[in-house]
Amino acid sequence: MGFSVIPVVGKDPAPGVFGFDKWAEDKQPEETVDRFEKIKATGWALVTTWKTVVALDIDSVSADILAVCPPSPCAKVGRRGETRFYRGGPWFNQKRKFFRKNTGDPESGKNKEGIELFCNGAYVVMPPSLHPETNLPYTWNGRPLDSIDIEELPELTLDDVDK
């Protein structure tokens with residue numbers, strides 16, 4: 001099963017198309033991908049869906065926080081922490097869920113840490129797109145997502161999320 005992708009535009013990557021969340025339920029038509037070539041994309045993003053892939057964005061380098069998250073053979077790295085990819089399930093029927101956070105400095109908002117789950121119809125910026133703060137490309141930690149059969153990804157369960 002293929003993945004749905006969208007172009008992202010701008011320094012803080014925003015979707016280059018509207019209505020992409022519908023591709024979480026229905027496979028993206030091939031002709032839409034052909035039209036993306038006309039958009040001046042600054043990168044690409046995966047549309048997450050419980051039917052194929054969900055993503056756990058671990059915005060922390062804390063060993064305690066990283067240890068709570070199940071391992072995956074496929075992850076991407078940006079500024080800190082990593083985003084791990086898993087097989088989804090129908091229990092992940094919302095777009096995003098921020099479920100654990102350490103806000104860092106409440107005055108400046110700096111050093112925010114947390115774990116965010118990208119589920120049904122959300123998007124995750126993918127390598128080799130540039131990270132908006134470092135201006136360096138995202139990189140793979142483990143195998144790239146497009147080289148993995150969906151069945152090779154571990155399933156993320158509600159028990160995993162409730163830890």
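In this text, all values refer to a predicted model and were calculated from it rather than measured experimentally.

### Quick look at a negative patch on the surface
Okay, step 1: Taken together, the side chains of Glu30, Glu31, Asp34 and Glu37 define an acidic patch exposed on the protein surface.
Okay, step 2: Tracing the chain through its elements places Glu31 in helix α1 (residues 30-36).

### Some thoughts on the pattern of salt bridges
Okay, step 1: Within this structure, the stated rule accounts for five salt bridges.
Okay, step 2: Across the pair Glu151 and Arg87 runs a salt bridge, and its minimum N-O distance is 4.0 Å. Within this pair, whereas Glu151 is found in the loop between β10 (139-142) and α3 (158-161), its partner Arg87 is found in strand β6 (residues 82-87), the two being separated by 64 residues in sequence.
Okay, step 3: Classification of Glu151 by relative accessible area gives exposed; the value is 56%.
Okay, step 4: Among the residues examined, Arg87 registers a relative accessible area of 23% and is labelled partly exposed.
Okay, step 5: Across the pair Arg143 and Glu152 runs a salt bridge, and its minimum N-O distance is 2.6 Å.
Okay, step 6: A residue is classified by how much of its surface remains accessible, and Arg143, at 34% relative accessible area, is partly exposed.
Okay, step 7: Of the residues examined, Glu152 reaches a relative accessible area of 39% and is grouped as partly exposed.

### Remarks on the pairing of β6
Okay, step 1: Along β6, five of the six residues are buried, which leaves the element largely enclosed by surrounding structure.
Okay, step 2: Pairing analysis gives six bridges linking strand β4 (residues 53-59) to β6, with the strands arranged antiparallel. Opposite Leu56, over in β6, you have Arg84 as the bridge partner.
Okay, step 3: Direction of pairing for strand β5 (residues 74-77) relative to β6: antiparallel, over a ladder of two bridges.

### Things to note about the sheet that holds strand β9 (residues 123-126)
Okay, step 1: An order of β2-β1-β3-β9 is seen for the four strands of this open sheet, with the pairing classed as antiparallel. Two strands in the sheet have a free side with no partner beyond their single neighbour: β2 (14-15) and β9.
Okay, step 2: With two bridges joining them, strand β1 (residues 5-9) and β2 adopt antiparallel strand pairing. Looking at the pairing, Val9 lines up with Ala14 of β2.

### Description of the environment of Glu152
Okay, step 1: Mapped onto the elements, Glu152 comes out in the loop between β10 and α3.
Okay, step 2: Expressed as a C-alpha distance, the spacing of Glu152 and Arg87, which sit 65 residues apart in the sequence, is 8.6 Å.
Okay, step 3: Excluding residues that lie within four positions of it along the chain, Glu152 makes contacts with Pro73 and Arg143.

### Structural notes on the pairing of β5
Okay, step 1: Looking at chain direction, β5 and β10 are connected through four bridges and run antiparallel. Bridged to Val77 within β10 is Thr139.
Okay, step 2: The antiparallel hairpin formed by β5 and β6 contains four residues in its connecting segment, where Gly81 sits at a positive phi of about 65 degrees.

### Thoughts on the confidence of the model for the protein
Okay, step 1: Residues at a pLDDT of 70 or more form 85% of the protein, whose mean pLDDT is 81.
Okay, step 2: The secondary-structure element of the protein with the lowest mean pLDDT is strand β7 (residues 96-102), recorded at 55, while β5 shows the highest, at 96.

Rules and cut-offs
Residues numbered from 1 in each chain as written. Predicted model: local features only at pLDDT ≥ 70, side-chain atom pairs only at ≥ 80, totals over all residues. Heavy atoms only, no water. Patch = residues over 30% accessible without salt bridge, like charges linked within 9 Å, V, L, I, M, F, W, Y side chains within 5 Å. Areas by Shrake-Rupley, 256 points an atom, 1.4 Å probe, with all protein chains shown as cover. Salt bridge = Lys/Arg side-chain N within 4 Å of Asp/Glu carboxyl O. Lys, Arg positive; Asp, Glu negative; His and termini not counted. Charge placed at Lys NZ, Arg CZ, Asp CG, Glu CD. Helix = DSSP H or I, 4+ residues; strand = E, 2+ residues; numbered from the N terminus. Buried < 20%, exposed > 50% of the residue type's maximum accessible area, 1.4 Å probe, protein only. Pairing = 2+ DSSP bridges. Contact = heavy atoms within 4.5 Å. pLDDT = per-residue confidence, 0-100.

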